[in-house]
Amino acid sequence: QVQLVESGGGLVQAGGSLRLSCAPSGGTLGTYVMGWFRQPPGKEREFVAAISWGGRTYYADSVKGRFTISRDNAKNTVYLQMNSLKPEDTGVYSCARGRPWYSPKEDDFSSWGQGTQVTVSS
């Protein structure tokens, strides 16, 4: 099973931007859907965005128009560009590998990374 590693989190003021990256420490992303999830403090983990191998993207309503997911299959890396950040975007962001087909359900994702902390101050 591939091990995913996230990077790029940090502390940013509201309205700012961050770019998260996710890459496998060994193996490849393959042709699977890749997803980003986040867990706000004291809350359940929630779906943020996903991207198919061919580049089709899916977003949670709360991040549409502000976040952009992308993948570079040659570099074996998935990105999450986060703009116009809000305090409610604070949480631990994790990437995971999904199925060959799209599903926003956590149960359809595996190979979770350790996560990277994103904190947005008001």
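Since the model is a prediction, treat every value here as computed from it, not as a measurement.

Asks: What am I meant to see in the packing of aromatic side chains here?
Replies: By convention here, two paired aromatic rings are described through the distance between centres and the angle between planes. Within the structure shown, the criterion is met by six aromatic pairs. For the ring pair Phe37 and Trp112, a centre distance of 4.9 Å and an interplane angle of 65° mean the geometry is edge-to-face. Of the two residues, Phe37 is situated in strand S4 (residues 34–39) and Trp112 in the loop between strand S9 (91–97) and strand S10 (116–121); the sequence distance between them amounts to 75 residues. Of the residues examined, Trp112 reaches a relative accessible area of 22% and is grouped as partly exposed.

Asks: Whenever I open this one, the sheet that holds strand S5 (residues 46–51) confuses me. Can you help?
Replies: Where strands meet in a sheet, backbone hydrogen bonds hold them as pairs that are either parallel or antiparallel. A sheet is described by the order of its strands in space; here six strands give the open sequence S2-S10-S9-S4-S5-S6, paired in mixed fashion. If you trace the sheet from one side to the other, it starts and ends with strand S2 (10–13) and strand S6 (57–59), each paired once. Taking the axes of each pair of neighbouring strands and ignoring which way they run, one obtains an average angle of 25° across the sheet. Looking at chain direction, S9 and S10 are connected through three bridges and run antiparallel.

Asks: Please explain the environment of Val118 as it appears in this structure.
Replies: By secondary structure assignment, the location of Val118 is in strand S10. Val118 gets classed as buried once you look at its relative accessible area, which sits at 0%. Through-space distance from the C-alpha of Val118 to that of Pro41 is 11 Å; in sequence the pair is 77 residues apart. Those residues in contact with Val118 that sit more than four places away from it in its chain are Gly9, Gly10, Leu18, Leu20, Met82, Asp89, Thr90, Gly91 and Tyr93.

Asks: Where do I start with the pattern of salt bridges in this structure?
Replies: In a structure, side chains of opposite charge can pair up when their charged atoms sit close to one another. Applying the stated criterion across every chain, the model contains six salt bridges. One salt bridge in this structure joins Arg99 and Asp108, with 3.2 Å as the shortest N-O distance. We classify Arg99 as partly exposed; its relative accessible area is 36%. A cluster of three or more residues bridged by salt bridges with shared partners is formed by Arg38, Glu46, Arg66 and Asp89.

Criteria and thresholds
- Residues numbered from 1 in each chain as written.
- Predicted model: local features only at pLDDT ≥ 70, side-chain atom pairs only at ≥ 80, totals over all residues.
- Heavy atoms only, no water.
- Phe/Tyr/Trp six-rings, centres within 6.5 Å; stacked < 30°, edge-to-face > 60°.
- Helix = DSSP H or I, 4+ residues; strand = E, 2+ residues; numbered from the N terminus.
- Buried < 20%, exposed > 50% of the residue type's maximum accessible area, 1.4 Å probe, protein only.
- Pairing = 2+ DSSP bridges.
- Axes fitted to C-alpha atoms, helices over the stretch in contact; angles between N-to-C directions.
- Contact = heavy atoms within 4.5 Å.
- Salt bridge = Lys/Arg side-chain N within 4 Å of Asp/Glu carboxyl O.

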